[in-house]
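An overview of the molecular structure
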Amino acid sequence: MSCYLHSESNPDVGSVYVREQGQLYRLNQASSGINSSVPKPRPSRLFSKGFSVELCVNRENDNGRTDHFIFTYTKEGNLRYTAKSLFSLVLSYIADNIHHVDSLIGFPEQIAEKLFYAADTRQKFSEPRIGFGALQKFTEAYGSLVLRTLCLKNRYLLISEKLEEIKSFRDLTCLDLSFCKLGDEHELVTHLASETLSSLTRLLLKDNCLSDTGLRKMTAPVRVMKRGLDNLSILDLSYNPGITNMGVGYLLSFKTLNYLDLSGTGLKDTKTAVHRIQTQIGLVHSEVYLKEFDHSSCKTEGWAEQVYGKRVRKEVLVSPLGEKDRGNPENLQFYKKKAAVPHFPLGKTEMSEELQNKRKISAEHEEQNLKSKLNISVDDWDLLNSY
């Protein structure tokens, strides 16, 4: 074969390559007898221009691919086709047609989480006509698993873009809307009083242009029907100058509050407001900054974290008001003191021991009286006690 390749009487057939164990070898090296003026042939392509290779580590996550095979490299460097599992094929099909699913109630949570990620990879939740309906199917069936906490700090544009999706989340425990400049008439402020957000325990509304009117709307269900934000434990209303002493009266219905921040509001008579909060809610004015109102730990948690969490973290969420809080001499932060533990454990123990001794003595007296009446010997009495 080499004689044929290097023969001057035969035309140049180009380079010949052989692939062996992942390595590419060239068989016909250039001969010294060949005229150097002959142009060297182009290297031949092993694959077409449109050929691509993807290394798949997690085979259940197909990253939106619609083909039924996975193309991988072996350890030796050879190429290998692997058929997808039936579960992956079915999961991909349902994710592609998630808008045709009637309900996911009763569907296993472990599979639903994979279905959510598969639909998110295909950007089904971002499609104009079917995105909201697809997300709503998950929120109705799985509640807090889709989102437990939502941080929208300084994200007014995102709120305007995804308002309906945000309103569909239920069973949230923490919602941060700080620095969003919503105002009293915003639709999301009215939504705070709905039944879907009754699970909130932490609500941060710092610097949102709220006034007494907004507080009246937000607290109406709690004041009138004893429902709505009745589980609220932490409430931040700082730097809303429209909140006055009249607005403090609306907050007195929050009996479960443990922490309240009214710094930077429009309170005129602060002494009266502090006295009302302390006597009617049981909150004490704090002289130092409380860590419960620190926004640095804010983050979005849940299945939808990839949808909303990344957008929040892309920007540096810094507000000029943040540094003023700690050094503000008119800091109006309140907290609830922990219940004092009674310091009488010895007295209770002594009382219980004394009661037991009295009962023991009375039982012995009754036993002696019964013995004297029945005239039974000690041996017979011990026999009866053995039963």
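Residues numbered from 1 in each chain as written. Predicted model: local features only at pLDDT ≥ 70, side-chain atom pairs only at ≥ 80, totals over all residues. Heavy atoms only, no water.

**Looking at helix H2 (residues 86–96)**
For H2, the set of buried residues is Ser 88, Leu 91, Ser 92 and Ala 95. Viewed end-on, H2 has its buried residues packed into an arc of 100°, placing them on one side of the element. Residues of H2 that are exposed and point over 90 degrees away from its buried face: Leu 86 and Tyr 93. Those residues of H2 hidden inside the fold are in contact with helix H3 (109–121). (Buried < 20%, exposed > 50% of the residue type's maximum accessible area, 1.4 Å probe, protein only. Helix = DSSP H or I, 4+ residues; strand = E, 2+ residues; numbered from the N terminus. Arc of directions from axis to C-beta. Contact = heavy atoms within 4.5 Å.)

**Re the nonpolar core**
Counting residues in hydrophobic clusters, the biggest one holds 65 residues, and the most contacted among them are Phe 138, Leu 203 and Leu 262. Among the elements that make up this core, the one with the highest residue count is H3 (five residues). (Core = buried A, V, L, I, M, F, W, Y, C linked by side-chain atoms within 4.5 Å.)

**Examining the packing of aromatic side chains**
Under the counting rule described, the total for this entry stands at six aromatic pairs. Measuring from centroid to centroid gives 6.0 Å for Phe 116 and Trp 303, while their planes differ by 50°, and the two rings are tilted. With Phe 116 in helix H3 and Trp 303 in the loop between strand S10 (284–286) and helix H11 (305–313), this pair connects stretches of sequence that are 187 residues apart. Here Phe 116 and Trp 303 have matching classes, each one buried. (Phe/Tyr/Trp six-rings, centres within 6.5 Å; stacked < 30°, edge-to-face > 60°.)

**A short note on the pattern of salt bridges**
Going through the model one piece at a time under the given rule, you end up with six salt bridges. Ionic pairing is found between Lys 181 and Asp 207, a salt bridge with its closest N-O pair at 3.0 Å. Here Lys 181 is found in the loop between strand S6 (174–176) and helix H7 (187–191), whereas its partner Asp 207 is found in the loop between strand S7 (202–204) and helix H8 (212–225), with 26 residues between them in sequence. The class of Lys 181 is partly exposed, set by a relative accessible area of 45%. On the basis of relative accessibility, which here comes to 10%, the residue Asp 207 falls in the buried class. Residue Lys 299 pairs with Glu 301 through a salt bridge whose shortest N-O separation is 3.2 Å. Accessibility expressed as a relative area gives 44% for Lys 299, which makes it partly exposed. (Salt bridge = Lys/Arg side-chain N within 4 Å of Asp/Glu carboxyl O.)

**Observations regarding the confidence of the model for the protein chain**
Interpreting fine coordinate detail is not advised for predicted regions of low pLDDT. A residue-level look at the protein chain finds 67% of positions with pLDDT of 70 or above and a mean pLDDT of 78. Residue range residues 55–60 is modelled with pLDDT below 50. Its contacts to residues more than four positions away, or to other chains, number 10 contacts. Considering only residues more than four positions removed or in separate chains, one finds that residues 311–320, a stretch of pLDDT under 50, has 15 contacts. (pLDDT = per-residue confidence, 0-100.)

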